[in-house]
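Structural features, examined
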Amino acid sequence: MVHMTDAEKKLVTTMWGKLDVDAAGAETLGRVLVVYPWTQRFFGHFGDLSSACAVMDNPKVQAHGKKVLHSLGDGLKHLDDLKHFYAALSELHCDKLHVDPENFRLLGNVLVCVMSRHLGAEFTPQVQAAYQKVVAGVANALAHKYH
Amino acid sequence: MVLSAADKANVKAVWEKAGGNVGKYGGEALDRTFLSFPTTKTYFPHMDLTPGSADIMAHGKKVADALTLAVGHMDDLPGALSKLSDLHAYKLRVDPVNFKLLSHCLLVTLACHLGGDFTPAAHASLDKFLSSVSTVLTSKYR
């Protein structure tokens, strides 16, 4: 559960509304694969990931990035109950996808960088702090069902 | 982890783009670190940690100047940062986890101000560079 004030929750929702979620999703996943290339281990079936350009332009990366970020957006409506909201996805990531939860933390921090890039001066230290709580909460929720 | 020729070029290019603002960015990165990761404040009980304070701005400039030095000596980071490495190991003893937190906030600050120049390749190179600097600064811890 994330401990956020009402003001922080409002900041989070307002800023999300300013984001092109499709573009940000594609860029976030792309950057994870470029900045932390070992994460490509999960995406052998995605085709050409041989260079930064190949990754960023890869349609499967873009589509999957969108999916991931829309799921995160849905989670924003359940900040008081993330563990329950992400229970099924947590089991999936453990039992079927075998993803180390450290990867959720990497993606969360890359998302923060992408939001900063897109929103510029509006992504103030206060907004960042609120989003760091969100991404930590989501990462913990996704790791919660691991065994 | 080795910095390739391309990494070094990317880091230099970003640092040049940041130009005279690096000091300001150092301060902003510290603001972001203290707000997002409050445990980092435990190392600065002697400073006024109100966001944007003169203490934070001064310290941010110190950090930025050290990074500028590092950018100029990427072929020999251990040599260039030896004194700072001693300082962190024997005097400051900042827990290694905190270097990742500050590095992340430096990336967020650069992303905020450089927009399109903060390309995925530049992002990767900067992350590697900051990680290398962090490794050098903690290299004499034990």
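Residues numbered from 1 in each chain as written. Chains lettered and ligands numbered in written order. Predicted model: local features only at pLDDT ≥ 70, side-chain atom pairs only at ≥ 80, totals over all residues. Heavy atoms only, no water.

What to know about helix α1 (residues 5-18) of chain B
All names here are of chain B.
- An ideal rise of 1.5 Å per residue puts 20 Å on 14 residues; α1 measures up with 20 Å between its terminal C-alpha atoms.
- For α1, the set of buried residues is Asp7, Val11, Val14, Trp15 and Ala18. Taken around the axis of α1, the buried residues stretch over an arc of 100°, which confines them to a single face. Counted as exposed and oriented over 90 degrees from the buried face of α1: Ala5, Glu16 and Lys17.
- Check the buried side of α1 and you find it contacts α2 (22-36), α3 (54-71), α6 (97-114) and α7 (120-137).
- Looking at the residues trailing α1, positive phi occurs at glycine 19, about 50°. (Helix = DSSP H or I, 4+ residues; strand = E, 2+ residues; numbered from the N terminus. Expected span 1.5 Å × (residues − 1). Buried < 20%, exposed > 50% of the residue type's maximum accessible area, 1.4 Å probe, protein only. Arc of directions from axis to C-beta. Contact = heavy atoms within 4.5 Å.)

So, the pattern of salt bridges
- A complete count under the given rule lists 12 salt bridges over all chains for this structure.
- Notably, a salt bridge pairs lysine 8 of chain B with aspartate 75 of chain B, separated by 2.4 Å at the nearest N-O pair. Of this pair, lysine 8 of chain B sits in helix α1 while aspartate 75 of chain B sits in the loop between α3 and α4 (77-80), and the two are 67 residues apart along the sequence.
- Using a relative accessible area of 22% as the deciding quantity, one classes lysine 8 of chain B as partly exposed.
- Three or more residues are tied together by salt bridges with common partners; here these are Glu27, Arg31 and Arg117 of chain A. (Salt bridge = Lys/Arg side-chain N within 4 Å of Asp/Glu carboxyl O.)

Thoughts on the nonpolar core
- Judged by nonpolar contacts, the single largest core of 81 residues is most densely connected at Trp16, Leu72, Tyr131 and Val134 of chain A together with Phe129 of chain B.
- Contacts of phenylalanine 129 of chain B, omitting those with residues within four sequence positions, involve Leu3, Val11, Leu67, Ala70, Val71, Met74 and Leu77 of chain B.
- The next biggest cluster of nonpolar side chains, apart from the first, holds 5 residues, and it includes Leu30, Phe34, Met47 and Ile56 of chain B. (Core = buried A, V, L, I, M, F, W, Y, C linked by side-chain atoms within 4.5 Å.)

Overview of the interface of chain B and chain A
- The partner chain A presents 20 residues to the 19 residues of chain B that form the contact.
- Interface of chain B and chain A: buried area, both sides summed, is about 1,700 Å²; carbon and sulfur atoms make up 63% of it.
- Ranking the residues of chain B by area buried against chain A places Arg32, Pro120 and His123 of chain B at the top, with a combined share of 29%.
- Taken together, the links from chain B to chain A amount to 0 salt bridges.
- Linking chain B with chain A are 12 residue pairs in polar contact (both at pLDDT 80 or more), by the criterion used here.
- Breaking the side of chain B that touches chain A down by element, the ones donating at least two residues are α2, α6 and α7 of chain B.
- Counting residues per element, the side of chain B that touches chain A draws most heavily on α6 of chain B, at 6 residues.
- Classifying every residue of the side of chain B that touches chain A by side-chain character gives 10 nonpolar, 6 polar and 3 charged. (Buried area = accessible area lost by both parts, 1.4 Å probe. Polar contact = N/O pair within 3.5 Å; in protein donor to acceptor, adjacent residues only side chain to side chain. Nonpolar A, V, L, I, M, F, W, Y, C, P; charged D, E, K, R; others polar.)

Description of the packing of helix α2 (residues 21-35) of chain A against helix α4 (residues 59-75) of chain A
Residues and elements named next belong to chain A.
- α4 packs onto α2 with a crossing angle of 115° between their chain directions and a minimal axis gap of 7 Å. One finds that α2 runs roughly perpendicular with respect to α4. The element α2 and its partner α4 pack so that their crossing is right-handed. Listed contacts from α4 to Val21, Asp22, Ala24, Gly25, Ala26, Leu29, Gly30 and Leu33 of α2 are Val61, Gln62, His64, Gly65, Lys66, Leu69 and His70. (Axes fitted to C-alpha atoms, helices over the stretch in contact; angles between N-to-C directions. Parallel < 35°, antiparallel > 145°, perpendicular 65-115°, else oblique. Left-handed = near helix turned anticlockwise from the far one by under 90°.)

Details of the packing of aromatic side chains
Residues and elements named next belong to chain A.
- A full pass over the atoms with the stated rule returns 8 aromatic pairs over all chains.
- Measuring from centroid to centroid gives 6.4 Å for tryptophan 16 and tyrosine 131, while their planes differ by 20°, and the two rings are stacked. Residue tryptophan 16 is found in helix α1 (residues 6-17), and its partner tyrosine 131 is found in helix α8 (residues 125-143); the two are separated by 115 residues along the sequence. Across the pair, exposure class does not vary: tryptophan 16 and tyrosine 131 are buried alike. (Phe/Tyr/Trp six-rings, centres within 6.5 Å; stacked < 30°, edge-to-face > 60°.)

Notes on the UniProt feature "domain: Globin" (unreviewed entry) in chain A
- Under the UniProt annotation, the feature "domain: Globin" (unreviewed entry) is placed at residues 3-147 of chain A.
- Regarding residues 3-147 of chain A, the helix share stands at 70% and the strand share at 0%, and the terminal C-alpha atoms are separated by 25 Å. (UniProt positions renumbered as here; feature names shortened; annotations may be inferred.)

Observations regarding the side chain of histidine 104 of chain B
- On the secondary structure map, histidine 104 of chain B appears in helix α6.
- On the basis of relative accessible area, histidine 104 of chain B is assigned to the buried category, the value being 8%.
- Here the side chain of histidine 104 of chain B touches glutamine 132 of chain A through a polar contact of 2.7 Å, side chain to side chain.
- Those residues in contact with histidine 104 of chain B that sit more than four places away from it in its chain are Asn109, Val112, Cys113, Gln128 and Gln132 of chain A together with Phe37 of chain B.

What to know about the UniProt feature "domain: Globin" (unreviewed entry) in chain B
- The UniProt record marks residues 2-142 of chain B with the feature "domain: Globin" (unreviewed entry), using the residue numbering of this structure.
- In this annotation, residues 2-142 of chain B is assigned 70% helix and 0% strand; the end-to-end C-alpha distance for the span is 22 Å.

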